[in-house]
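# Report on the structure
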Amino acid sequence: MTFLEYAWLVPIIPLAAFIIVGLFGNRTPEGGGYIAIAGAAAAFVLSLLVGYEFFTGSGDPFIMETAWLKLNDEITLNFGIYIDNLSVLMMLFASFISTLIFIYSVGYMSKEDEKKQRYYAEVSLFLTAMLGLVMASNFLEMFIFWEIVGVCSYLLIGFWSFKHPEGDDAQDDAASAAKKAFLVTRMGDVCLMGGLFVFLFAFKSLDYQVLFNAAKIATVNPDMIALGSILVFGGVIGKSAQFPLHDWLPDAMAGPTTVSALIHAATMVKAGVYLVARSYPLFVQSADVMLVVAIVGGFTAIFAASMALNNMNLKRVLAYSTLSQLGYMVLALGAGGYVMAIGLQSGDVFATEGYTAGVFHMMNHAFFKALLFLGAGSVIFAVGSEDMRQMGGLGKKMRVTSVTMLIGALSIAGIPLFAGFWSKDLVLAAVIDANAAGGGGVFILLFIMGVVTALMTAFYMFRLWYMTFRGEEGEASKRCAGESPRTMTSPLMVLAALALFSGFFILVGFNDLLTFSFVGGSFVVGGHGTGAIDLLVHLAESPYTYLSIVVAVLGIYLAYRMYKVKDVDPGRFNADGESKPYKLLQKRYYFPQFYNAIAMKFAHPLAMAVNYFDREAVDGTVNGIAGTIVNGSEGLRKTQDGQVHTYATVVVGGVVLLAALLFIAVYLSGGL
Amino acid sequence: MIPISFFLVLSAAIFVLGAYGVMTKKNGLVVLMSIEMMLNSANINLVAFSGFLNDVSGQVFVLVVAAVAAAEVAVGIAILLNLFKSTNTTDVSEINILRW
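Remember, predicted model here, so these are calculated numbers, not experimental data.

### Overview of the overall build of chain A
Summing up its helical and strand segments, chain A has 26 helices and five strands in all. Once the C-alpha set of chain A is aligned to its principal axes, its extents read approximately 115 × 65 × 55 Å. When the accessible area of chain A is evaluated, it comes to approximately 27,400 Å², of which 68% is carbon and sulfur surface. Each charge class in chain A can be summarised by its mean position, and for the 40 positive and 47 negative side chains these summaries are 10 Å apart.

Take a look at the structure:
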């Protein structure tokens, strides 16, 4: 009995749940919620078994695939599964967090009545696609699932576009936010598809196995790989909401909070980071590509964190925080890849810490950000508002929520021993390492940006926490009738435990699973990592570790003075919300306006021109031909006038004509 | 012996007369008669060639054609009779309901 051979069942189980719930959900209790939970839990258990068997095995990637499309003698597209440490990790945390969030949904979505069926069907489909995405054995299959998660994201952001608890404006918001998310990510997806074409052209295959084969890579023009990689990274920018395609994610908060937690924090937006990690063997072929990756990530981190500083919407703050943390992950992968790219050229570095840092931060972030979003959901569920100015003093009424959120906030701020501390310090360490490898000072700048981001993160998280749970009761807080139901608080407690302890995984051999190295002429995921003790020593010796701790504590202290003790008036720094920088942040650096302007100036005239061409040229031709035929036949049918004489005449005329033709033919061919 | 061309000219003349009748005459009965003329012109041809070639099968064909013509006239007259009952006319130019 080997579970690995049944690993393809992992995405099939939620798919079955999707079909059952989609068809019969409302005839079962909770609109099919329990079926969705069972599907996700079964997928998690099977993932655990698969993971156990994989880790106790040889460690080589497990591949099972079948030919799908045979394009020509050279190119065959396959369909199958590819399991290595990275996919196992992704499978485990995607199915685990989904299970918790589905359980939480039973409480959070309890007021939705017959729309529950739609909700649970869509989230089950999402889980199917997410698991398929991480298990795919080639880029094309990955791309298909990549698009399905995009569709699920679209559907779930627009979940309240028909009936929103807060009325009509919010409905329009949900609909346009869904559209925006779909269209903006589409721009990235077009790049990604272009990248796949480049790879297909260069490698004559899209299988990971073929593409990641070092000997095969050496035969391909490096410029083609760099072009393909940068195009694939375009897809990552869209899906993981990196600058400049970041603006859809804050708007996506119009969806239910559970969706924000599941799709827009813990799993789907990680697909982009996953894709970079997955394509590492190709990305590390070019140091320039990795430099671009690192710069985009680092810039997104600080850029997004700044917008979280003064936002008053509970969920929006968390959304910007997600953007910024995704930036950290991309930064870590870029910096690590840069080291490796330079090292591969000179032939002396064959492993990278950045990969470990990025993937580790991805896992930890999934736990603490899901926790924070679910905590926010619990608050919103209790008070019916997302505006933090109307909250306050909820700590006494919602003890579990406030304590678990405090753990999440400490974790993301990077307080030692909490999960976020380990991975964030690894990210910053990776950036320092990259500077040693080169980059001409860019990495010093990126490191400073990372540290400033850490300061901002600690500040805005505790601003959020103090504004929500401490201080005087706001208008909305008075509506709070106490703690949320058990189905909502128990996932919070599980996630809080993980946000506390998941950092320690790195000390029990986890970092050995998350490494990326070039050994014996091939790229290997897992193994050959730094030992746990070395890592601890490295962290303890590095002055940068203490710098980031100091910065985090400073951020928390600032928030404490401003929003708890209130002896520092935040209004002093921004002229009571009238100063230019304050407005700049509030308007999101005018990015939505910028997008709209582009759309109105360029896209709209272009669309009008295309529309004109379509109506006049394409439709005109088609309609013209059809019209001519219709009019012509209108005339022709008049010849059938019902007169026997006419018919007889036509017949005789025809015979005469045929005879004449026959004579001519005989005459021309020289007689009988 | 009468040359074969005489028969052929006679046959062609009768055929053309018949065709002219079909195309111009308004009375349905006359049209039917004109059709008979055309059929019989063809019969003349068959008989003439039969004699000319000393082959009796041409005469057999004539018998077949005569039988078919009789049947056709029977059906044609029956149709005309019914038309006359419902429209009170045998003028084929007035009977034009089967058109666009």
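### A look at the packing of helix 19 (residues 442-469) of chain A against helix 23 (residues 543-565) of chain A
All names here are of chain A. Running from N to C, helix 19 and helix 23 point in directions that differ by 35°, and their axes come no closer than 8 Å. Considering only the axes of helix 19 and helix 23, their crossing is right-handed. A breakdown of the residues in the contact of helix 19 with helix 23 according to their chemical character gives 20 nonpolar, one polar and two charged.

### Concerning the packing of helix 3 (residues 85-108) of chain A against helix 12 (residues 270-278) of chain A
Residue and element names in this part refer to chain A. At their nearest, the axes of helix 3 and helix 12 sit 11 Å apart, and the two run at 165° to each other. Our classification of the angle between helix 3 and helix 12 gives roughly antiparallel. Remark: the crossing between helix 3 and helix 12 carries right-handed chirality. Residues Leu86, Ser87 and Met90 of helix 3 pack against Lys270, Tyr274, Ala277 and Arg278 of helix 12.

### A word on the packing of aromatic side chains
Residue and element names in this part refer to chain A. Taken as a whole and judged by the stated rule, the model has 38 aromatic pairs over all chains. Between the aromatic rings of Tyr208 and Phe212, the centroid separation amounts to 5.4 Å while the plane-to-plane angle is 5°, which identifies the pairing as stacked. With respect to burial, Tyr208 and Phe212 carry one shared label: buried. Note that Lys115 overlies the ring of Phe159, its terminal NZ or CZ placed 4.5 Å from the centroid.

### Overview of the interface of chain A and chain B
Residue-level contacts link twelve residues of chain A with twelve residues of chain B. Of the roughly 1,000 Å² buried at the junction of chain A and chain B (both faces included), carbon and sulfur atoms supply 59%. For the pair chain A and chain B, the interface holds zero salt bridges. Applying the counting criterion to the chain A and chain B interface returns two residue pairs in polar contact (both at pLDDT 80 or more). In terms of residue count, the dominant contributor to the side of chain A that touches chain B is helix 26 (residues 644-668) of chain A (six residues). Of the residues in the side of chain A that touches chain B, the class split is four nonpolar, five polar and three charged.

Analysis parameters
Residues numbered from 1 in each chain as written. Chains lettered and ligands numbered in written order. Predicted model: local features only at pLDDT ≥ 70, side-chain atom pairs only at ≥ 80, totals over all residues. Heavy atoms only, no water. Helix = DSSP H or I, 4+ residues; strand = E, 2+ residues; numbered from the N terminus. Areas by Shrake-Rupley, 256 points an atom, 1.4 Å probe, with all protein chains shown as cover. Lys, Arg positive; Asp, Glu negative; His and termini not counted. Charge placed at Lys NZ, Arg CZ, Asp CG, Glu CD. Axes fitted to C-alpha atoms, helices over the stretch in contact; angles between N-to-C directions. Left-handed = near helix turned anticlockwise from the far one by under 90°. Nonpolar A, V, L, I, M, F, W, Y, C, P; charged D, E, K, R; others polar. Parallel < 35°, antiparallel > 145°, perpendicular 65-115°, else oblique. Contact = heavy atoms within 4.5 Å. Phe/Tyr/Trp six-rings, centres within 6.5 Å; stacked < 30°, edge-to-face > 60°. Buried < 20%, exposed > 50% of the residue type's maximum accessible area, 1.4 Å probe, protein only. Lys NZ or Arg CZ within 6 Å of the ring centre and 35° of its normal. Buried area = accessible area lost by both parts, 1.4 Å probe. Salt bridge = Lys/Arg side-chain N within 4 Å of Asp/Glu carboxyl O. Polar contact = N/O pair within 3.5 Å; in protein donor to acceptor, adjacent residues only side chain to side chain.

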